[in-house]
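Results of the structural survey
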Amino acid sequence: MKQSYDLILVGAGLANALIAWRLGKRHPNLDVLVIEAGPRPGGNHTWSFHQHDLSSEQHAWIEPLVAHRWPGYEVRFPAFNRHLESDYLSVTAERFAEVLEGNLGERLLTDTRVAAVTPTGVTLEDGTALTAGAVIDGRGPETSSHLTIGYQSFLGQQWRIKTPHGLTRPIMMDATVDQQGGYRFVYSLPLDEYTLLIEDTHYVDAADLDPAQARDNIAAYAERQGWALEALEREEHGHLPITLDGDIDAFWQTAQGQPRSGLRAGLFHATTGYSLPHAVALADAIAAQTHFDAASLFELIDNFARRRWREQRFFRMLNRMLFLAGKPDRRWQVMQRFYTLNDGLIERFYAGRPTLLDKARIVSGKPPVPVREAIPAVLKQTPRLRAFKDE
């Protein structure tokens, strides 16, 4: 193995793998190495997104990764069910690994653990030292005292069903289920006529989802829907950060010049936790550069992440209402009210581009949480928030 490269990407998750792929198309002569601790790039994940989250150019270059596309999706709440027309797309772990392995070839090093990372060097667990013009750390989220977060905790199971399940589009949220102490919904993706990914999802204050309880929840939900579960094909789980507040200056100062990507750079939709649109945009931004030294990439990513942080101020305010105002098992009321709004607003919300009028419509009218609790939550002046930040 060589000891020196133009660029080393530590972690072959969504963000770093997309950066490597995009650079391979735009800068084929750039000497890039991707290091992954697991056996395959992407791990065991499913990434989904909405049609309007990406530009037409971005859809074109990410298309080989898309395993499923549905003409719309459904949401279910105690007061109503609703079908939304915007296409919904998913990238599966299998498709992601297959495409990236074929594209990266020898530039991908798997089953390799990293002991230390610097802006221009990597030390492997076996003591091997590698150098590069720059190193991008994309090893997932890192605990930070400078961010106040809740979690979208989930456990998903991919099941083979004995008889056709009957779904023609995803159920993106079914919040008619027992809330179990926080905003809970079940997410179902019909991968083919007999295969479903069923995910038990909770918006909670702490990343402490009980896997056994989540599995029981999925089994009970499937029985309620009339789905006869036959064979479990795989299981995935995770805790996506949901940002309520933070000190972005202090967050990036702790990076000490280390380029980061993905969740480690705080690049995700603050309310939904979706990270694919941010990862695609960052890959485009990096591929548009001509200088790939550590200082240049750190400045680029730092500016990119700060700009996204500023753009998501409204979402963080909504998150404080969701997590801090009202009883946890009544949080579903916030999302139920949101889904009474028009399709275009919902599309722009998921894309992270709500207009001023959209924002006004979201917060206007009778609030779905008590006013006496909503106002302090928005103003960040409640004991619950201070206690949460001190944890």
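Above this text you will find the structure in question.
Residues numbered from 1 in each chain as written. Predicted model: local features only at pLDDT ≥ 70, side-chain atom pairs only at ≥ 80, totals over all residues. Heavy atoms only, no water.

**Describing the overall build of the protein**
The helix and strand inventory of the protein stands at 13 helices and 16 strands. Considered along the principal axes of its C-alpha atoms, the protein spans approximately 60 × 50 × 40 Å. Across the 391 residues of the protein, 55% fall into the buried class. A separation threshold of at least 6 residues defines the contact pool for the protein, and within that pool the share at least 24 residues apart is 76%. Within the structure as shown, the protein displays about 16800 Å² of accessible surface, and the carbon and sulfur contribution to it stands at 50%. For the protein, the distance from the average site of its 42 positive side-chain charges to the average site of its 48 negative ones is 7 Å. (Helix = DSSP H or I, 4+ residues; strand = E, 2+ residues; numbered from the N terminus. Buried < 20%, exposed > 50% of the residue type's maximum accessible area, 1.4 Å probe, protein only. Contact = heavy atoms within 4.5 Å. Areas by Shrake-Rupley, 256 points an atom, 1.4 Å probe, with all protein chains shown as cover. Lys, Arg positive; Asp, Glu negative; His and termini not counted. Charge placed at Lys NZ, Arg CZ, Asp CG, Glu CD.)

**Observations regarding the environment of T243**
Locating T243 in the fold gives a position in strand β16 (residues 229-246). Taking the C-alpha atoms as reference points, T243 and R306, 63 residues apart in sequence, are found 14 Å from one another. When sequence neighbours within four positions are dropped, the list of residues in contact with T243 reads T148, I149, F268, A270, W309, R316 and N319.

**As for the pairing of strand β5 (residues 73-77)**
Regular strands have side chains that alternate between both faces of the sheet. Counting buried positions along β5 gives 5 out of 5 residues, so the element sits mostly inside the fold. Here β5 shows a buried face lined by Y73, V75 and F77 and a second buried face lined by E74 and R76. As judged from the 5 bridges shared by β5 and strand β6 (residues 80-84), these two strands associate in the antiparallel manner. Note on β6: the bridge partner recorded for E74 is H83. In this antiparallel pair of consecutive strands, β5 and β6, the connection spans 2 residues. Inspection of the sheet shows β5 paired to strand β13 (residues 171-174) by 3 bridges, in the parallel sense. Across the sheet, the residue bridging to V75 is M173, located in β13. (Pairing = 2+ DSSP bridges.)

**Some remarks on the sheet that holds β6**
Strand order in this open sheet of 7 strands is β6-β5-β13-β14-β15-β12-β16, and the pairing throughout is mixed. Pairing within the sheet leaves two strands with one partner each, and these edge strands are β6 and β16. The average undirected angle you get between the axes of adjacent strands in this sheet is 15 degrees. Of the pairings in the sheet, the one linking strand β12 (residues 147-161) to strand β15 (residues 195-204) comprises 10 bridges and is antiparallel in character. Bridging from a neighbouring strand, G156 pairs with E199 of β15. (Axes fitted to C-alpha atoms, helices over the stretch in contact; angles between N-to-C directions.)

**Topic: the pairing of strand β11 (residues 129-137)**
Sheet topology note: the strand β1 (residues 4-10)/β11 ladder contains 6 bridges and is parallel. Opposite Y5, over in β11, you have A132 as the bridge partner. In terms of strand pairing, strand β10 (residues 121-124) meets β11 through 3 bridges, oriented antiparallel. By the bridge assignment, T123 is partnered in β11 with A129. Between β10 and β11, which pair antiparallel one after the other, the connecting turn spans 4 residues, and G127 there sits at a positive phi close to 95 degrees.

**Description of the side chain of N319**
Mapping N319 onto the fold places it in helix α8 (residues 313-324). Of the polar contacts made by the side chain of N319, one reaches the backbone oxygen of A270; its length is 2.8 Å. Filtering out sequence-adjacent residues up to four positions away, N319 remains in contact with I242, T243, L244, A270 and T271. (Polar contact = N/O pair within 3.5 Å; in protein donor to acceptor, adjacent residues only side chain to side chain.)

**Quick notes on the sheet that holds strand β9 (residues 114-118)**
With mixed pairing, 6 strands are arranged side by side in an open sheet as β8-β2-β1-β11-β10-β9. Looking along the sheet, the strands with just one partner apiece sit at the ends: β8 (108-109) and β9. Across the sheet, helix α7 (residues 294-311) touches β1 and β11, and the angle it forms with β11 is around 20 degrees.

**Some words on the nonpolar core**
Ranked by size, the top nonpolar core spans 56 residues in total, and within it L18, L65, F96, W252, L276 and I286 carry the most contacts. Sequence-distant contacts of W252, defined by excluding residues within four places in its chain, comprise R260, A265, F298, I301, D302, A305 and R306. (Core = buried A, V, L, I, M, F, W, Y, C linked by side-chain atoms within 4.5 Å.)

**Remarks on unusual backbone geometry**
A negative phi angle characterises most non-glycine residues, just as the trans form characterises most peptide bonds. If you check the backbone angles, Q180 has positive phi at about 55 degrees while not being a glycine. Its place among the elements puts Q180 in the loop between β13 and β14 (183-192).

**Things to note about the environment of V135**
One can find V135 in strand β11. What makes V135 buried here is its relative accessible area of 0%. Here the alpha-carbon distance between V135 and F292, two residues 157 residues apart in the chain, equals 9.5 Å. When neighbours within four sequence positions are excluded, V135 is seen to be in contact with L7, I8, V10, V117, T118, P119, T120, G121, V122, Q258 and P259.

**Some words on the side chain of Q157**
Relative to the assigned elements, Q157 resides in strand β12. Since its relative accessible area comes to 4%, Q157 is described here as buried. A polar atom in the side chain of Q157 sits 2.9 Å from the side chain of W159. A polar side-chain atom of Q157 sits 2.9 Å from a polar atom in the side chain of E235.

Take it as geometry only, folks, not as evidence of what the structure does.
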